[in-house]
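A structural walkthrough
Residues per chain, in single letters:
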Amino acid sequence: MSPPSNVIDGRALAEQIHGETSRRIVALQAAGVQPGLAFVRVGEDPASQVYVGMKERMSARLGIRSQTQVLPEATSEAELLRLIDLLNADPGVHGILVQAPLPRQIDPTRVYSAVLPQKDVDGFHPTNVGKLMLGDPTGFVPCTPAGVHELLIRSQVTLGGAEVVILGRGNIVGKPLAALLMQKARHANATVTVCHSQTRDLAAHCRRADVLVAAMGVAEFVRADMVKPGAVVVDVGVNRVHDPSAKSGSRLVGDVQFAAVQPVAGKITPNPGGVGPMTIALLMQNTVRAAEQASGRSGSTTDH
Ligand code: GUN
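Reading guide: rules and limits
- Residues numbered from 1 in each chain as written.
- Predicted model: local features only at pLDDT ≥ 70, side-chain atom pairs only at ≥ 80, totals over all residues.
- Heavy atoms only, no water.
- Helix = DSSP H or I, 4+ residues; strand = E, 2+ residues; numbered from the N terminus.
- Buried < 20%, exposed > 50% of the residue type's maximum accessible area, 1.4 Å probe, protein only.
- Pairing = 2+ DSSP bridges.
- Salt bridge = Lys/Arg side-chain N within 4 Å of Asp/Glu carboxyl O.
- Near = heavy atom within 4 Å.
- Polar contact = N/O pair within 3.5 Å; in protein donor to acceptor, adjacent residues only side chain to side chain.
- Areas by Shrake-Rupley, 256 points an atom, 1.4 Å probe, with all protein chains shown as cover.
- Core = buried A, V, L, I, M, F, W, Y, C linked by side-chain atoms within 4.5 Å.
- Contact = heavy atoms within 4.5 Å.

Some thoughts on the side chain of Thr193
- Relative to the assigned elements, Thr193 resides in strand E5 (residues 191–195).
- Given a relative accessible area of 17%, Thr193 falls into the buried group.

Re the sheet that holds E5
- The sheet built from five strands is open, its strands ordered E5-E4-E6-E7-E10 with parallel pairing. Since the sheet does not close on itself, it has two edges, and those belong to E5 and strand E10 (267–268), each with one partner.
- Inspection of the sheet shows strand E7 (residues 232–235) paired to E10 by two bridges, in the parallel sense. Directly across from Val233, in E10, lies its bridge partner Ile268.

Examining the pattern of salt bridges
- Applying the stated criterion across every chain yields a total of eleven salt bridges.
- A salt bridge links Asp107 to Arg110; the nearest nitrogen and oxygen atoms lie 3.9 Å apart.
- With relative accessibility at 28%, the residue Asp107 sits in the partly exposed group.
- Look at the salt bridges and you will find they share partners, linking Glu20, Glu150 and Arg154 into a network.

Observations concerning the site of the ligand
- Around the ligand sit Leu97, Val98, Gln99, Ala100, Asp122 and Phe124, and those are all the residues in its vicinity.
- A distance of 2.6 Å is found between a nitrogen atom of the ligand and a side-chain nitrogen or oxygen belonging to Asp122.
- Expressed as a share of its isolated accessible area of 280 Å², the protein-covered part of the ligand is 84%.

Brief notes about the nonpolar core
- Of all hydrophobic cores here, the largest spans 50 residues; its most connected members are Leu152, Val211, Val234, Val236, Leu283 and Met284.
- Of all the elements, helix H10 (residues 275–294) adds the most residues to this core, at ten residues.
- If we skip the residues at most four places from it in the chain, Met284 touches His18, Thr21, Leu37, Lys55, Met58, Ser59, Leu62 and Ile64.
- Counting 18 residues, the second-largest nonpolar core is a separate cluster that includes Leu212, Ala231, Ala265 and Ile268.

Things to note about the environment of Asn286
- Topologically, Asn286 is positioned in helix H10.
- For Asn286 and Asp122, which are 164 residues apart along the polypeptide, the C-alpha to C-alpha distance reads 8.1 Å.
- When near neighbours in sequence (up to four residues on either side) are disregarded, Asn286 contacts Val121, Phe140, Val141 and Cys143.
- A distance of 3.2 Å separates a polar side-chain atom of Asn286 from the backbone oxygen of Val141.

Written out as C-alpha cells, the structure is:
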C-alpha cells in the first residue's frame, strides 16, 4: 500500500465549501432572495482578467447573479468612486469586488473605503480590517487569508500554540493572515512571525516554523533546506516566469520549490490546486453571508 499523500487537495476542500454555500443559496432563493455580486475591473491586466473570469464562472455555477463592470485603464478615481456609489445603492448587489491591482492614478485606500462595509466581500474596508484586528466575527475577512485558514482547519492542522511563519506582509494576505491565526479563538492561538524583505536570517525563521506560509511573490523562493521536517507548507504565490520551452513563452510557479520541499514537508499545498480554489470558495461564502445579512437572515458572523 502506498503511503497517504501529504499533498493538500485545495480543490476538494473548496468543493466541500461550495456544497455548503450552495445549500445556503437554495435557502435564500426559496425565501425570495437572489444573491448578487458585482465585479469591477479597471484596465486589461491579464491576470485580473483570468481571476475575475474564474470568479464569474463560479458565481454562475452556484446560482449567484454576478455582473462585471470593466472600466478603461485611464479611468479617473472620481469615475470609479461614482460606479461604487451606484453599486452601493443597488439592492440587488450584496457584494462588491474591485479587482486589484488598480492603475496608478487611483488610490486603492480611497476606493476600498468607498465600498459599503456590509457589501465589502473582499474584507478590504477599514471597518472590516479593524474588526479582524479586534477579533469581531461580524466583519468580512479577505478571501485569500480566510481560504488559507479554512484549508488548515479542514486539513486538521493544529494551530493552537503552533509556530506559524508567514513570508510577506501585504494587506491582501500576510497582514490579515497574521491577525487571523494569532487571535484568541478556536482554530487559532498560533505564535505568528511575519517575515519580509528586511528580515535578517529569514531561513532561520522558516526552519522554526510548524506552519510555513509563503506569500511574498518571489518565484520558488522556499527551498527544502528552509523547511523543518514535518512542517506544513502553504504556497500562496502566483508568479509568471520566463520559459522558452512553454508555448506561451512563460509559465506560472508558486513561491515554493514544490518538488524539493514535498518530501520534507508533513503536508504541502500544490500550486495550482491549493490556495487558489479556496480563495474563490471563501469569496462565494462571504457573498452569501452578505446576502443573508442584508435580508435579515442568519449567518451574521464568519463561519468558524
Ligand atoms: N488581487 C489579488 N488578490 C485579490 C483579492 O483577493 N481581491 C481583489 N479585489 N483583488 C485581488
